[in-house]
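Descriptive analysis of the structure
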Amino acid sequence: MNKLYKPNGKEVEVNDSSLQYALSIGWTKKKPTAKKKATKKAD
């Protein structure tokens, strides 16, 4: 089994026969970093 991460950060385990497909739809082997939300500056 291979540990992958969906774009939303959810961790999933994928078997070897599904690994190539999972990578092709955007799942990654590295844990995605949290994105900072843009903040508005007060004028």
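Before any of the text, the structure's been laid out above.
Only a predicted model underlies this, so the values are computations on that prediction, with no experimental measurement involved. (Residues numbered from 1 in each chain as written. Predicted model: local features only at pLDDT ≥ 70, side-chain atom pairs only at ≥ 80, totals over all residues. Heavy atoms only, no water.)

For the protein chain, the helix and strand inventory stands at one helix and two strands. Reading the protein chain from its N terminus to its C terminus gives the helix and strand order β-β-α. Burial statistics for the protein chain: of 43 residues in total, 14% are counted as buried. Of the contacts formed within the protein chain by residues at least 6 apart in sequence, a portion of 22% connects residues at least 24 apart. (Helix = DSSP H or I, 4+ residues; strand = E, 2+ residues; numbered from the N terminus. Buried < 20%, exposed > 50% of the residue type's maximum accessible area, 1.4 Å probe, protein only. Contact = heavy atoms within 4.5 Å.)

Okay, the pairing of strand β1 (residues 2–5) next. In the sheet, β1 pairs with strand β2 (residues 11–14) via four bridges, with the strands oriented antiparallel. Paired with Tyr 5 across the two strands is Glu 11, which belongs to β2. What sits between β1 and β2 in their antiparallel hairpin is a turn of five residues, with Gly 9 showing a positive phi close to 100°. (Pairing = 2+ DSSP bridges.)

This part takes up the environment of Leu 19. Turning to its location among the elements, Leu 19 is positioned in helix α1 (residues 19–24). For Leu 19, a relative accessible area of 17% translates into the label buried. Separated by 15 residues in sequence, Leu 19 and Leu 4 have C-alpha atoms that sit 8.8 Å apart. Not counting residues within four places of it along the chain, the set of residues in contact with Leu 19 comprises Asn 2, Leu 4 and Val 14.

Moving on to the nonpolar core. Core analysis: the largest hydrophobic core is formed by five residues, namely Leu 4, Val 12, Val 14, Leu 19 and Ala 22. Those elements that provide at least two residues to this core are β2 and α1. Discounting residues that sit within four places of it in the chain, Ala 22 has contacts with Leu 4, Val 14 and Trp 27. (Core = buried A, V, L, I, M, F, W, Y, C linked by side-chain atoms within 4.5 Å.)

All right, on to the environment of Lys 10 then. Looking at where Lys 10 falls in the secondary structure, it is placed in the loop between β1 and β2. Measuring from C-alpha to C-alpha, the distance between Lys 10 and Trp 27 comes to 9.7 Å, with 17 residues separating the pair along the chain. Among residues more than four places away in sequence, those in contact with Lys 10 are Leu 4 and Tyr 5.

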